[in-house]
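Breakdown of the fold
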Amino acid sequence: MRIYIGLDIGGTKFMVGAGDENGNLLHSIIYETPRNLEQGIELLKKMTREVAGNDKIVGMGAAVGGPLDWKKGIVSPLHQPEWKNVPLKEIMEKEFDCPFFVDVDTNVAAWAEYKLAQPRPEKLLYMTISTGIGGGFIADGKIYRGKNGAHPEIGHQSIPFRCSHPERVQCECGVSDCLEALVSGNGIRRIYGKSPENLTDNEWEEVAYNLGQGLRNLAAIYLPDVIVLGGGIATGAQEKYFHQAKKVMAEHLKMTPAPDVRISKLGYDTALMGAIYIAQDGLK
Ligand SMILES: [Zn+2]
């Protein structure tokens with residue numbers, strides 16, 4: 001049978017999965033990320049052979065942390081310090097003799113949400129909220145790319161925020177008023193001194209207000225049909241947090257329509273599924 005391989009290459013774990021021609025995930029495996037570059041490449045090859053078995057690989061896709069050159073398939077993920085200018089596309093195409101595509105994990109995740117959205121939206125914005133914040137934007141069937149192919153950094157936008165400890169708001173990028181500093185897992189821990197699941201209702205209300213303001217900026221500028229929220233904080237938070245964030249977004253949008261805001265149903269498989277779809281669809 002003809003199969004597509006997806007790779008989710010993360011700083012703590014590698015996931016590799018096989019999909020059929022309809023994009024259904026057949027099976028997937030997870031291994032811890034080796035520190036060493038050579039071991040990492042060898043492990044990805046081994047995992048690919050393991051999920052492929054005797055099936056014929058007709059395309060491969062991969063999601064990895066930035067920065068990278070998606071056209072040449074050269075990657076330098078920040079969270080894998082030994083990986084510098086790795087010609088991943090060339091390595092994998094030589095090994096498996098099929099087309100290989102690689103893009104930033106948030107773009108790949110956005111592609112997965114776009115492919116699975118019913119009805120298919122014209123414009124979809126994906127936002128992941130976990131330790132940090134990332135995003136990807138799909139417009140008219142293509143991944144949106146900025147100057148020199150850069151992807152949007154939607155967590156590093158300024159918002160009017162509410163915070164009971166404003167002196168503790170400090171983004172890891174060096175700026176003091178980023179959305180990421182207020183609503184990401186690391187931001188929440190820095191401000192409130194505890195993990196997100198232990199926040200009080202009043203503290204959640206601040207986080208929801210701040211997320212709502214961030215969504216409002218994104219909605220006013222990108223005009224998406226749909227915003228999908230993924231990542232551990234988004235999928236783990238309570239319903240009332242989203243209700244509140246959506247309300248703040250809608251109340252502050254006067255000139256543009258409010259998008260539909262949804263929680264991802266893919267959970268930890270978002271980037272892996274996107275990688276399989278990219279193996280099928282290629283990159284534009
Ligand atoms: Zn920032």
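Residues numbered from 1 in each chain as written. Predicted model: local features only at pLDDT ≥ 70, side-chain atom pairs only at ≥ 80, totals over all residues. Heavy atoms only, no water.

Comments concerning the environment of Pro121
Relative to the elements of secondary structure, Pro121 occurs in the loop between helix H3 (105–116) and strand S9 (123–129). Taking the C-alpha atoms as reference, Pro121 lies 8.5 Å from Pro224; in sequence the two are 103 residues apart. Leave out the neighbours within four places in its chain, and Pro121 touches Tyr114, Asp225 and Val226. (Helix = DSSP H or I, 4+ residues; strand = E, 2+ residues; numbered from the N terminus. Contact = heavy atoms within 4.5 Å.)

A few points about the coordination of the zinc ion
Taken together, the protein donors to the zinc ion comprise His156 (ND1), Cys171 (SG), Cys173 (SG) and Cys178 (SG), at separations of 2.0 to 2.4 Å. Taking relative accessible area as the criterion, His156 reaches 31% and is therefore assigned partly exposed. Overall, the relative accessible area of 3% leaves Cys178 in the buried class. (Donors = N, O, S within 2.8 Å, 3.2 Å for Na, K, Ca; no water. Buried < 20%, exposed > 50% of the residue type's maximum accessible area, 1.4 Å probe, protein only.)

A closer look at the domain arrangement of the chain
Assigned domains within the chain: domain 1 (2–108 + 268–281) and domain 2 (117–264). Computed from C-alpha coordinates alone, the two centres of domain 1 and domain 2 are separated by 27 Å. Counting from both sides, the interface comprises seven residues of domain 1 and, opposite them, ten residues of domain 2. Taken together, the two surfaces of domain 1 and domain 2 that pack against each other cover about 780 Å², and 55% of this comes from carbon and sulfur. When the buried surface of domain 1 facing domain 2 is broken down by residue, Trp70, Thr106 and Asn107 rank first, second and third, together holding 64% of it. Our count for the domain 1 to domain 2 interface comes out at one salt bridge. Arg145 is the salt-bridge partner of Asp103, the closest N and O atoms lying 2.7 Å from each other. At the surface where domain 1 touches domain 2, the tally comes to two residue pairs in polar contact (both at pLDDT 80 or more). Mapped onto the side of domain 1 that touches domain 2, the elements with two or more residues apiece are strand S8 (100–104) and H3. (Domains from an automatic or database assignment. Buried area = accessible area lost by both parts, 1.4 Å probe. Salt bridge = Lys/Arg side-chain N within 4 Å of Asp/Glu carboxyl O. Polar contact = N/O pair within 3.5 Å; in protein donor to acceptor, adjacent residues only side chain to side chain.)

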